[in-house]
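What the coordinates show
Residue-level listing of the chains:
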Amino acid sequence: MAEMLELRVNGAAHQVDVAGRRKLLGILRDDLGLTGSKYGCGEGQCGACTVLVDGVAAKSCVAVASALAGREITTIEGLATGDKLHPVQQAFIDHDAMQCGYCTPGMVMAGAALVENNREPSDEQIVEAMQGNICRCGTYQRIVAALRQAAAAPTGAGDRQEAAS
Amino acid sequence: MKYDTSRARNPRSYDETDRFDIEPERYELFEGPRYQFEPDRRDFLKVLGGGILITLVWRAAEAQDGESGRRVRRSVLSAPQDLEAWLHIADDGRVTIYTGKTEVGQNIRTSLSQVVAEELHVPVESIAMVMADTNLTPYDRGTFGSRTSPSMAPQLRKAAATARELLVDLAAERLGVDRESLVAAEGAVRHEASNRSVAFGALAKDRKLTQRVTSDAETAAPEDWKVAGTPVAKVDARSFVTGSHQYASDVVRPGMLFGKVLRPKLVGATLESIDASKAEAMPGVTVVRDGDFVGVAAPSEPVARQALAAIEAEWKNPESSGEELYARLKRPQEDGGGGGFRRRSGGTRGSIERGMAEAKHRLQSTYAIAYVAHAPLEPRAAVAEWNDGKLTVWTGTQRPFGVQGDLAEAFGMSGERVRVIVPDTGSGYGGKHTGEAALEAARLAKEAGKPVKLVWTREEEFTWAYFRPAGVIEVDAGVDADGKLVAWEFHNYNSGGSAIAPLYEVANQKVQSHRSDAPLRQGSYRALAATANHFARESHIDQLAHAVGQDPHAFRLSNLKDERLRAVLEAAAKRFGWGSVAAEGHGFGIAVGSEKGSYVANCAEVAVDRTTGEVRVVRAVTAFECGTILNPLHLENQVEGAVVMGLGGALFEAIELEGDAVANPRFSRYRVPRFGDMPKLETVLVNRPDLPSAGAGETPIVTIAPAIGNAIFAACGVRLTSMPMVPKGVKV
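Computed from a predicted model, the values in this text were never measured in an experiment.

Glancing now at the overall build of chain A. Tallying secondary structure elements over chain A gives six helices and five strands in all. Here chain A, with 165 residues, has 56% of them falling under the buried criterion. In chain A, 59% of the contacts between residues at least 6 apart in sequence involve partners at least 24 apart. As displayed, chain A has an accessible area near 6,300 Å², and 50% of this comes from carbon and sulfur atoms.

Before going further, it helps to spend a moment on the pairing of strand 18 (residues 418-421) of chain B. Residues and elements named next belong to chain B. Sheet topology places strand 17 (residues 390-395) next to strand 18; four bridges connect them, and they run parallel. Looking at the pairing, Val393 lines up with Val420 of strand 18. Remark: the strand 17/helix 13 (residues 400-410)/strand 18 crossover connection has right-handed handedness.

Further remarks concern the packing of aromatic side chains. On inspection of all chains with the given rule, the structure shows 13 aromatic pairs over all chains. Measuring from centroid to centroid gives 5.0 Å for Tyr102 of chain A and Tyr247 of chain B, while their planes differ by 85°, and the two rings are edge-to-face. Remark: Tyr247 of chain B occurs in the loop between helix 8 (237-241) and strand 9 (257-261) and Tyr102 of chain A occurs in the loop between helix 2 (87-94) and helix 3 (104-117); the pair is interchain, linking two chains. Consider the rings of Phe462 of chain B and Tyr670 of chain B, whose centres lie 4.9 Å apart with planes at 50°: the pair is tilted. Residue Phe462 of chain B is found in helix 15 (residues 458-464), and its partner Tyr670 of chain B is found in the loop between strand 27 (661-662) and strand 28 (680-685); the two are separated by 208 residues along the sequence. Overall, the relative accessible area of 1% leaves Phe462 of chain B in the buried class. Following the ring pairs from residue to residue traces out a cluster consisting of Tyr102 of chain A together with Phe240 and Tyr247 of chain B. The ring of Trp456 of chain B has Arg263 of chain B sitting right over it, with the charged end atom 4.9 Å from the ring centre.

Turning our attention to the packing of helix 5 (residues 140-152) of chain A against helix 19 (residues 632-651) of chain B. Orientation of helix 5 of chain A relative to helix 19 of chain B, taken along the N-to-C sense of each, is 120°, at an axis distance of 9 Å. In this view, helix 5 of chain A runs oblique relative to helix 19 of chain B, as classed from their interaxial angle. Facing Tyr140, Gln141 and Arg142 of chain A of helix 5 of chain A, the residues of helix 19 of chain B in contact are Leu633, Glu636, Asn637, Glu640 and Val644 of chain B. Across the contact of helix 5 of chain A with helix 19 of chain B, the residue classes break down as three nonpolar, two polar and three charged.

So, about unusual backbone geometry. All names here are of chain B. With an omega of 0°, the peptide bond running from Met723 to Pro724 counts as cis. Tracing the backbone through its elements, the reader meets Pro724 in the segment after strand 29 (722-723). Despite not being glycine, Asn107 shows a phi value in the positive range, around 70°. Mapped onto the secondary structure, Asn107 falls in the loop between strand 3 (95-99) and helix 5 (108-120).

Within the structure shown, the criterion is met by 49 salt bridges over all chains. The shortest N-O distance in the salt bridge between Arg142 of chain A and Glu636 of chain B comes to 3.3 Å. Remark: Glu636 of chain B occurs in helix 19 and Arg142 of chain A occurs in helix 5; the pair is interchain, linking two chains. The salt bridge partner of Glu538 of chain B is Arg556 of chain B, with a shortest N-O separation of 2.6 Å. Separated by 18 residues along the polypeptide, Glu538 of chain B in helix 16 (residues 530-547) and Arg556 of chain B in helix 17 (residues 552-559) bring together distant segments of the chain. Via salt bridges that share partners, Glu119, Arg164, Glu165, Asp169 and Arg179 of chain B belong to a single interconnected network.

Moving on: the nonpolar core. Counting residues in each nonpolar core, the largest one holds 148 residues, and the members touching the most others are Phe92 of chain A together with Trp488 and Ile708 of chain B. With nine residues, the top contributor of residues to this core is helix 19 of chain B. Once residues lying within four places of it in the same chain are set aside, the contact partners of Ile708 of chain B are Ala604, Val606, Val617, Leu647, Ala650, Leu651 and Met725 of chain B. Of all hydrophobic cores here, the second largest spans 76 residues; its members include Met131, Leu167, Val261 and Val393 of chain B.

Our next topic: the pairing of strand 1 (residues 4-9) of chain A. Residue and element names in this part refer to chain A. By the bridge criterion, six bridges tie strand 1 to strand 2 (residues 12-17) in an arrangement that is antiparallel. Bridged to Glu6 within strand 2 is Gln15. Two successive antiparallel strands, strand 1 and strand 2, enclose a turn made up of two residues, where Asn10 displays a positive phi of approximately 50°. Pairing between strand 1 and strand 5 (residues 72-74): two bridges, direction parallel. Looking at strand 5, one finds that Val9 is bridged to Ile73.

All names here are of chain B. For helix 20 (residues 704-716), which comprises 13 residues, the first-to-last C-alpha distance of 18 Å matches the rise-based estimate of 18 Å (1.5 Å per residue) to within 8%. Within helix 20, eleven of the 13 residues are buried, leaving the element largely enclosed by the surrounding structure. Looking only at helix 20, the buried set comprises Ile704, Ala705, Pro706, Ala707, Ile708, Gly709, Asn710, Ala711, Ile712, Ala715 and Cys716. Gly717 sits one or two residues past helix 20 and shows a positive phi near 75°.

What follows is about the sheet that holds strand 1 of chain A. All names here are of chain A. If you walk across this open sheet you meet the five strands as 2-1-5-3-4, and the pairing is mixed. Across the chains shown, the open sheet's two edge strands, defined by having one partner strand only, are strand 2 and strand 4 (56-59). Averaged over all pairs of adjacent strands, the angle between their axes in this sheet comes to 40°, without regard to strand direction.

Here we take up the sheet that holds strand 11 (residues 286-290) of chain B. Remark on secondary structure: sheet strands pair via backbone hydrogen bonds, oriented parallel or antiparallel. Residues and elements named next belong to chain B. Taken in spatial order, the seven strands of this open sheet run 11-12-9-19-16-17-18, and their pairing is mixed. Since the sheet does not close on itself, it has two edges, and those belong to strand 11 and strand 18, each with one partner. Each neighbouring strand pair of the sheet contributes to a mean axis angle of 20°, computed without reference to strand direction. Strand direction decides the pairing type here: strand 16 (residues 381-387) and strand 17, joined by six bridges, are antiparallel. Bridging across to strand 17, Ala382 finds its partner in Thr395. The strands that helix 10 (residues 301-310) touches are strand 9 and strand 12 (293-298); relative to strand 9, the one it contacts most, it runs at about 30°. Its contacts with the sheet place helix 14 (residues 436-448) against strand 9, strand 11, strand 12, strand 16, strand 17 and strand 19 (452-455), and it is angled at close to 35° to strand 16.

The rules behind the values
Every chain begins its residue count from 1, and numbering advances along the sequence as written. Chains carry letters and ligands carry numbers; both start at the beginning, A for chains and 1 for ligands, and go up in the order they are written. Totals for whole chains, interfaces and linings use all residues, but because this is a predicted model, local features are given only for residues with pLDDT of at least 70 and pairs of side-chain atoms are given and counted only at 80 or more. The side-chain quantities take in all heavy atoms of the structure and omit both hydrogens and water. Secondary structure is summarised from DSSP: a helix means a run of H or I of at least four residues, a strand means a run of E of at least two, and numbering begins at the N terminus for each. Burial classification: accessible surface area is computed with a 1.4 Å probe over protein chains only, and a residue below 20% of its type maximum counts as buried, one above 50% as exposed, and the rest as partly exposed. Any pair of residues with heavy atoms lying within 4.5 Å of one another is described as a contacting pair. Residue-level accessible areas treat just the shown protein chains as cover; the underlying method is Shrake-Rupley with a 1.4 Å probe. Here, a strand pair is defined by DSSP locating no fewer than two bridges between the strands. Handedness of a crossover: with both strands directed away from the viewer, a clockwise path from the first strand across the helix to the second marks it as right-handed. Each Phe, Tyr or Trp ring, with Trp reduced to its six-membered ring, pairs with another whose centre is within 6.5 Å; inter-plane angles below 30 degrees give stacked pairs, above 60 give edge-to-face pairs, and intermediate values give tilted ones. Two limits define a charge over a ring: the Lys NZ or Arg CZ must be within 6 Å of the ring centre, and within 35 degrees of the ring normal. Only the contacting stretch of a helix is used when fitting its axis, a line to C-alpha atoms as for every element, and angles between N-to-C directions run 0 to 180 degrees. In these notes the angle categories are as follows: under 35 degrees is roughly parallel, over 145 is roughly antiparallel, 65 to 115 is roughly perpendicular, and the rest is oblique. The classification used treats Ala, Val, Leu, Ile, Met, Phe, Trp, Tyr, Cys and Pro as nonpolar, Asp, Glu, Lys and Arg as charged, and all other residues, Gly among them, as polar. Note on definitions: salt bridges are taken to be side-chain nitrogens of Lys or Arg within 4 Å of carboxyl oxygens of Asp or Glu. We define a nonpolar core as any set of buried Ala, Val, Leu, Ile, Met, Phe, Trp, Tyr and Cys residues linked to one another through side-chain atoms lying within 4.5 Å. To estimate the expected span of a helix, subtract one from its residue number and multiply by 1.5 Å.

Structure representation (structure tokens):
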């Protein structure tokens, strides 16, 4: 039996079937065609599926979709403002903070959640915020450097939100 | 479909002469192209819309790798399909490279573009790389063994130089001037004297020129490089940070179904009975049973899962020996065993007995290496589609043409009717030489009559892929009164022969790799057995240094002759500040090594908490040398990444077994390095522009484990001889 529900994703409303305690990741990828969020483990351990729910990082592979009605979901596809990359996205490019790139969308989203809320994170705070995300290629040190830059970017979080509003 | 579970258990060895049953030493397999792949070059140019096509062929000079002396089988040279790559210049000036290599995060899409940009004198951004598509790119054995930089890069450089010279000839003709007065720069050929220039595109316009690479085309010396050798950023980085890059698992086809495969508890189990009636009754569900293969295709992923759960099946498990892993590996295989070692240096030199008689100190140790998983973050995935008896599969693999062959064989069709397309892949580390998901998706798609996507779960990836072989290594060595190595005996059971030669100067040596009856499916992994062999060797060398009361760095230098080994060892020690005194509870360790023509040394600092037994790697310095550096930014990234991966196997990564079954097939139970495990990483790149480039994706993994082990010993006096060393901490 279908169980339809309205989900808000990247600013748009979508009617989706959430029956059978479906997880958000499958809906994003298979129903909405938003394949930027990746499957890596299905148990919330690797973070490749990380999205923002009301600005907070969430593992979409374990997030039960029916609980997300009325919440604002942002995926990697919705992070940039038009052609202008989010400071975290730009910093990942600047620091070569990726290899195969499969973990990158989740890393960027987890990093964005961090710097949107903390403009001066310590290295310890960065590690704590990112501990749930695995980069099997081992680019951790570069990601930490990228997040330091993104947090300090003059075009960072607050400004970006102002520009968007 | 021939779906052979015995092969799934022991992937076929591609070299009949090789005695290993694992997928060993891929980089030295002598397999030639097995399929006819000779498109009409004129047709190809027609498809491309004219322009200039430079074809790159196998040549005798390249068929033998200079340094290692490994030979490509003669039949490759005489085969009609002699093309290795194409370089095309369209009439709008676009440059496209066609190569069968795959991008798995090692950034060859960038480094190969740089090499071509350098010689062709065009911006990197104007180059497109078409990679790993069996319909569009020439045959390639696969992306493994650190072969792209030493082999493909110089060949593409020659192709680009040939194209440049041809363009200069065409410009000389067009402008009616002497070719010596012309200069190629920024996508055009310029005549300074008359201030005229012709763009490459204009020179290619209305032409249908095909030319083979000429070996006399002059290429720039590394010291004159302006683009190659520089830190060019990842060419398509934006597509990764925006999530727009499509991996195999992101591909969507019209009418596509979702596939799942029913797995027994154990690899090698056979199907006894099955009742799939409930699944078959579900709307839109197709159930396929073919031998021991059982799978479903359904309109959605949740329905596929429900259908799979509705199938009742009974399996007969293969018999387990019940033997403890390392005891089992130590017992050589009954069919003669003891084979497999045939790389670099013969098995024996001098006389071990004589050497031991000269020794003042003799030391024997046994080292153990656990099974580890590649755990690429993108699990195996494929989308398969049949059209008019032809099969197209999108999948992530390091061997697109190998998978094409496997598919053709499984479905009894010719290779030309199978197209394998490999989107840039979510890493492999040697773990994606096979095409399981491709076969499974294709089998389901054939039955369902619709395209099928099949993505392995993490649990499947941890259970049904293959592993880096576990092993047992026995070392017996002697040093004389002056601290010189005089005898070295080294036996590796099961993990393989890569980098098994001692590296150190020792007159009497016996080294051998032994084949074992292994319980798990095992195969290639980043640097193969070089990690295990370096762990044992460099731990043992450290023990010997302590036995004779010498500094481990000095002891190594006094027994090493090879200048490149000495150079990285010194570089690491210098940056690390070797010789300084470690803080209380801390220890320093050092190790050096070489594999596949590149050289690495590590210094590590660890902190050991004597109360809790917790071990923390505080700092790791890596010195790395791989000849001429093609891109220092990406090289440093590769070196760091290899060290991080090596850290996992060194400290805590291990496949745990219950009987012959994997007991920890999840990230929550199989620990991989995370942000919190990171030491401060420092990398010293030793550039040798006088030497050809070697690959860099593998070798920097090999010495971090012994450096850490040696540092743990220095910190607390405990010698750890099993990898992983501290899955539960250290008992002081």
